[in-house]
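Notes for the structure review
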Amino acid sequence: MLKFEIKKLLYNKILWISLIAVLIYSFSMFYGSVLKKEVYYNQNTVNTDNPEIIYNNRMEKIKLEKELVAPYIGKELDDDLVTELLILYYDLREEGKECINTAPHTMIWMNFFPIAYNENAEISEGYRIITINNEKYKVETVEQFYKTVNANKPIVFEYGEGWIALTERLGWSLIVGLAVIVISLAAVFSGEHKYRMFGQITSTKNGKNKNVKSKVLASLIITSAMFFIITAVNMLMYLSVYGLSGGDTDLLLSVLANTAFLNLNIAGITVMNVFISTIVCGFIAYIAVAMLTLFISSLLNNDYISVVVSSVLYFFPMILTKMFRFDNSEVLVNTLNLMPINIFPLRLETGNWHWQVSDISLFNFNLPSIYIISFSYLIISIISFLLIRIHIKKMQDI
Amino acid sequence: MELKIKGISKSYSDTLAVDNFNTNFSPGVYGFLGANGAGKTTVIKILCNILKPTSGIVSYNGEKIEKLSNKYRSQIGYLPQDFGYYPHFTAFSFLLYISALKGIDDKAAKVKTNELLPLVGLEEYRNRKIKTFSGGMKQRLGIAQAMLNDPKILILDEPTTGLDPKERIHFRNLISSFSKDKIVLLSTHIVSDIASIANEILIMKKGKLIVRGTINELLTTIENKVWQCSIDRVTAEKIKSDYIVINMTLSDDLVNLRIISDTCPFYGSILENANLEDLYLYYFREVEHIDAKI
């Protein structure tokens, strides 16, 4: 029976159309961030008759950047390395080539922002004075940085831009991919009314129990397939350009730490950890959305209404939280952030620059970590399955 | 084997669709007659365990069907009035799917499907998508799916809808050959479908079972009441609402009428042998009277 239920789902043209649309969306993001033609001129020569081209497209930029950071990869983060990276940044700026130092730039400006030093100002504790190109700057010491972030092991400089780009873009592709799941599964139960099959099915031996299990299992197989297709395509695209290395990049040194994780202590977490969390929590969110969609489908007799209700339930919270600016202390936005769709970016868009923000609360209770929320969705999925079974058994063909 | 219906009623908000329906079935073919909206389909859905009665009990061999659950449903073959199908499935794969729903293993399902497709005249269309089928072909496929599990209880709701006369005859023969040691319930408002194959007839009206018996037993209720007469058009126009007019044909200046009447309606009327159609109209006279202009 399972193969027939899978076949019924695969016969749905909308599933294929929406899957292709998601893959096109993923590719367009990849194109925009990696393949797009983008000529960058040396800023010192840009207004001359013969401007020097630094790179012609993003691929060339990535290549240059990898060459640029190669000498620093594997080095432990200490005051010397910070100084070296700051010098690198200022030198590149002098040469009009600051465009090619995204990785060190991110790390430096996030954690070791150099403040122009005034001779008369006091040097606060945990800061040091460095001289770059005859200018003095006040910079936080690595020792102080380690203290602040509770780092219990030395942080090593790595080039993790590929994994970072993949994790960020994959999150959005998976969100769009949810539409495929909603559209494909909303008709699993309600569609039987459209085909006038409900009475025929429920009058058979397996119509009220095994068929429900088969429908759910087929839906989960399709859901998993969609998830892994989207993930695999994104991995293939980004890692083929950036390479596989750099997964050990500490999160504190990456742009991913710009926003606060949902009550998650990020000290000691690598970008690979974040990527794996995206996969695991994202997969659970997919299962949860699939099960909730199936439950809605079992409640409704019309597959179109089922699609609309499911879509509103999943996408409305995201639209609200992403399109409108809320204060993160607001009950509404924090409640909406608990919806499964908001699991994918794995963090709240707090607008806070610093990684330390992790005490997002709701009614004065700290929200649990993303892992606990994901686990809750696993429980919700199981409850949804049980409710579907009970509901279909009780359902009558009127 | 006995299927017993005891005092079932079904109401939808303020409408009573079935009102205290009592009967029992043992192996045989039963014709279930009634006008549209009489409540036949509701009774059938209750028998198929897809609708719960508001009150009353349906039992199979002494056990409630709700309790028997899938054991009972495995004994049923059901063709709904509005037969459902997946347009993109082929006839063959659709029958295999229904077989799976009925708990028939793959191998047996293929054997049974290969056996049934020629029986319903769909062998050469086995790999064609159902969306390309005519109404009659779909109905034949519906009959085949109902018979897949070799059911002990075969319930067919308006099974001959969309079938041409040749297909109807074929269908009747199919049911006759299939019905041995089985309960076959044929719901219809087309009396000719059941006239030759039903052992007993049940007539339902306004949610109630108003009469049940063999065809001969039922026909005795209108014995000596069916008349044939030829009268002029003006008289025919005047009397058409006074009698149950079953048939009316024109010949020259006269109108030939077949009438149900307790007494001789006109001088010269000839007493005719009653048939099932006369019986049907006798019970449904209020809505079935001929209203056409002569």
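Here's what I pulled together on the structure shown here. Just so it is clear, the structure is predicted and the values come from calculations on it, not from any experiment. (Residues numbered from 1 in each chain as written. Chains lettered and ligands numbered in written order. Predicted model: local features only at pLDDT ≥ 70, side-chain atom pairs only at ≥ 80, totals over all residues. Heavy atoms only, no water.)

With that out of the way, let us pick up the sheet that holds strand E14 (residues 270–271) of chain B. Residue and element names in this part refer to chain B. Taken together, the four strands give an open sheet; going across it, the order is E12-E13-E11-E14, and neighbouring strands pair in antiparallel fashion. The sheet is open, and its two borders are formed by strand E12 (244–251) and E14, each paired with just one other strand. Where strand E11 (residues 226–232) lies against E14, two bridges are found, and the strand directions are antiparallel. Paired with Gln228 across the strands is Ile270, a residue of E14. (Pairing = 2+ DSSP bridges. Helix = DSSP H or I, 4+ residues; strand = E, 2+ residues; numbered from the N terminus.)

Okay, the interface of chain B and chain A next. On the side of chain A, 28 residues touch chain B, which itself brings 34 residues to the contact. Between chain B and chain A, roughly 2,800 Å² of surface is buried when both sides are summed, and carbon and sulfur atoms account for 58% of that area. The largest share of the area that chain B buries against chain A comes from B:Ile50, B:Arg73 and B:Leu101, three residues that together contribute 23% of it. Our count for the contact surface shared by chain B and chain A stands at 14 residue pairs in polar contact (both at pLDDT 80 or more). Sorting the residues of the side of chain B that touches chain A by element identifies strand E1 (3–12), helix H3 (70–73), strand E6 (76–79) and helix H4 (91–101) of chain B as the ones contributing at least two each. When residues of the side of chain B that touches chain A are assigned to their parent elements, the largest contribution, seven residues, is made by H4(B). When grouped by side-chain class, the residues that make up the side of chain B that touches chain A number 18 nonpolar, eight polar and eight charged. (Contact = heavy atoms within 4.5 Å. Buried area = accessible area lost by both parts, 1.4 Å probe. Polar contact = N/O pair within 3.5 Å; in protein donor to acceptor, adjacent residues only side chain to side chain. Nonpolar A, V, L, I, M, F, W, Y, C, P; charged D, E, K, R; others polar.)

Let us look at the sheet that holds strand E4 (residues 127–132) of chain A. Residue and element names in this part refer to chain A. Ordered in space as E3-E5-E4, the three strands form an open sheet in which the pairing is antiparallel. Every other strand in the sheet has two partners, leaving strand E3 (115–116) and E4 as the edge strands with one partner each. Here two bridges tie E3 to strand E5 (residues 135–140), and the two strands are oriented antiparallel to one another. Bridged to Ala116 within E5 is Tyr137. Against the sheet, helix H4 (residues 79–95) engages E4 and E5, with an angle of about 40° to E4. (Axes fitted to C-alpha atoms, helices over the stretch in contact; angles between N-to-C directions.)

Attention shifts here to the packing of aromatic side chains. Per the counting criterion, the structure on display carries 28 aromatic pairs over all chains. Between A:Phe27 and A:Tyr31, the aromatic rings sit 6.4 Å apart at their centres with planes inclined by 35°, giving tilted as the arrangement. One end of the pair, A:Phe27, and the other, A:Tyr31, are both in helix H2 (residues 13–35), four residues apart, so they sit about a helical turn from each other. For A:Phe27, a relative accessible area of 41% corresponds to the partly exposed category. Aromatic side chains A:Phe227 and A:Phe228 sit 5.3 Å apart centroid to centroid with 85° between the ring planes, which places their arrangement in the edge-to-face category. You can call A:Phe227 buried: its relative accessible area is 0%. Exposure remark for A:Phe228: the relative accessible area of 44% places this residue in the partly exposed category. Here the aromatic cluster, defined as three or more aromatic residues joined through ring pairs, consists of A:Phe4, A:Tyr11, A:Tyr195, B:Phe83, B:Tyr85, B:Tyr86, B:Phe89, B:Phe94 and B:Tyr97. Above the ring of B:Phe178, the side-chain terminus of B:Lys182 is found at 4.7 Å from the ring centroid. (Phe/Tyr/Trp six-rings, centres within 6.5 Å; stacked < 30°, edge-to-face > 60°. Buried < 20%, exposed > 50% of the residue type's maximum accessible area, 1.4 Å probe, protein only. Lys NZ or Arg CZ within 6 Å of the ring centre and 35° of its normal.)

Here we take up the pairing of strand E7 (residues 153–157) of chain B. Residues and elements named next belong to chain B. Within E7, five of the five residues are buried, which leaves the element mostly enclosed by the surrounding structure. Where E6 and E7 come together, four bridges link them in parallel fashion. Bridging from a neighbouring strand, Gly77 pairs with Leu154 of E7. The pairing of E7 with strand E8 (residues 183–188) spans five bridges and is classified as parallel. When the sheet's bridge partners are listed, Asp157 is paired in E8 with Ser187.

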